[in-house]
Amino acid sequence: MSTFIQQLITGLSIGSIYALLAVGYALIYSIFDFTNFAFGSMMMCCAYAAYFELPLILAVVVVLVFGMCLSVLTELVAYRPMRNKNASRLFLMIAAMGVDLMLTYLCVNIFSTNVRPLSVPFLSGVIKIGGVTIAKLDLCSATVAIILLALLWTLLQKTKYGVAIRASSVDTKTAGLMGINVNVISLIVFALSGVMGACAGLFFGLKYAVYPTLGSISNKAFISSVIGGLGSLPGAIVGALLLGVLETMISGFVSSAWRDVFSFTLLIVILIFRPYGLMGKSKSDKI
């Protein structure tokens, strides 16, 4: 029983970090109907930003600001010019793939392919509760993820910018006709997703070390977003937690070699029976 609880706690911790990325995917998809495939490489760049030896608080601020600025810059340089020319969503996704590869190989050329450990001394070690051992890093990452997601929910539900984001998610053109500045909304959405990605990159860097292909972990977050329902923020969170728990249970009780097989099998099965995902309803009801 203690092993099951141990795996459950670990799974929820990993799932909470997936949730940060999955929500970032869902936010952008909910407004612009395309998947930002550059999100993983942005997360990886943020992990590298945390690698430099700075005081902890300063390092966290640098990472979050860097992630926000990188995400906004990508929107202004790569996506907005294409949207202004009414480019197909397919071409936006192709552009996102190009940004992903560019950032990945840029980091390879600057930092090489060496794995760089990232650590915070006070987050090392474990806390023992009965027969269950909880890593301090897992506890911290889950707590921070919950706080960030709660703040995001408050922003979306309780502020005028949140109302504008939700209105834009229903129909961008109509929202613009009603006086909502969609360009401002796009900057806010990309800034929020950048903060989520930066935080996820920081925790993944602490957990797995920093390397140029770290962004491939975001594939799991994309799966989570699809499982929950693309464009649905609650669905993204549910899908991320479900996937995180499933992966740790498979790794703990079957084999880590089968982890990804079960993850993609879950995706296929859910899409067969629920094409919109677990909590996805329709294109007009995303956030």
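All figures in this text were calculated on a predicted structure; none of them were measured in a lab.

Reading guide: rules and limits
Residues numbered from 1 in each chain as written. Predicted model: local features only at pLDDT ≥ 70, side-chain atom pairs only at ≥ 80, totals over all residues. Heavy atoms only, no water. Helix = DSSP H or I, 4+ residues; strand = E, 2+ residues; numbered from the N terminus. Buried < 20%, exposed > 50% of the residue type's maximum accessible area, 1.4 Å probe, protein only. Contact = heavy atoms within 4.5 Å. Axes fitted to C-alpha atoms, helices over the stretch in contact; angles between N-to-C directions. Left-handed = near helix turned anticlockwise from the far one by under 90°. Nonpolar A, V, L, I, M, F, W, Y, C, P; charged D, E, K, R; others polar. Phe/Tyr/Trp six-rings, centres within 6.5 Å; stacked < 30°, edge-to-face > 60°. Core = buried A, V, L, I, M, F, W, Y, C linked by side-chain atoms within 4.5 Å.

Here we take up the side chain of serine 224. The residue serine 224 is located in helix α9 (residues 218-228) in this model. A residue is classified by how much of its surface remains accessible, and serine 224, at 0% relative accessible area, is buried. The contact partners of serine 224, leaving out residues within four places of it in the chain, are Tyr18, Ala22, Gly235, Ala236, Gly239, Ala240 and Leu243.

Contact geometry for helix α1 (residues 2-32) and α9: axes closest at 8 Å, N-to-C directions at 65°. Viewed along their axes, α1 and α9 form a crossing whose handedness is right-handed. Here α1 contributes Tyr18, Leu21, Ala22, Tyr25 and Ala26 to the contact with α9, which in turn contributes Ser218, Lys220, Ala221, Phe222, Ser224 and Ser225. Class assignment of the residues belonging to the contact of α1 with α9 gives a composition of seven nonpolar, three polar and one charged.

What follows concerns the packing of aromatic side chains. Counting across every chain of the model gives nine aromatic pairs. Ring geometry for phenylalanine 34 versus tyrosine 79: centroids 5.1 Å apart, planes at 70°, classification edge-to-face. Of this pair, phenylalanine 34 sits in the loop between α1 and α2 (39-49) while tyrosine 79 sits in helix α3 (residues 56-84), and the two are 45 residues apart along the sequence. Here the two residues phenylalanine 34 and tyrosine 79 agree in accessibility, since each one is buried. An angle of 65° between the planes, with centres 5.5 Å apart, marks the rings of phenylalanine 37 and phenylalanine 222 as edge-to-face. Here the residue phenylalanine 37 occupies a position in the loop between α1 and α2, and phenylalanine 222 occupies one in helix α9, the gap between them amounting to 185 residues. Exposure remark for phenylalanine 222: the relative accessible area of 22% places this residue in the partly exposed category.

Before going further, it helps to spend a moment on unusual backbone geometry. A positive phi angle, close to 55°, is found at asparagine 86, a residue other than glycine. Mapped onto the elements of the fold, asparagine 86 is located in the loop between α3 and α4 (89-111).

What follows concerns the nonpolar core. Ranked by size, the top nonpolar core spans 74 residues in total, and within it Leu20, Tyr79, Leu152, Phe204, Leu206 and Leu214 carry the most contacts. For this core, the leading source of residues is α1, giving 14 residues. Each residue touching leucine 206, except ones within four places of it in the same chain, is listed here: Leu118, Ser119, Val120, Leu123 and Leu137.

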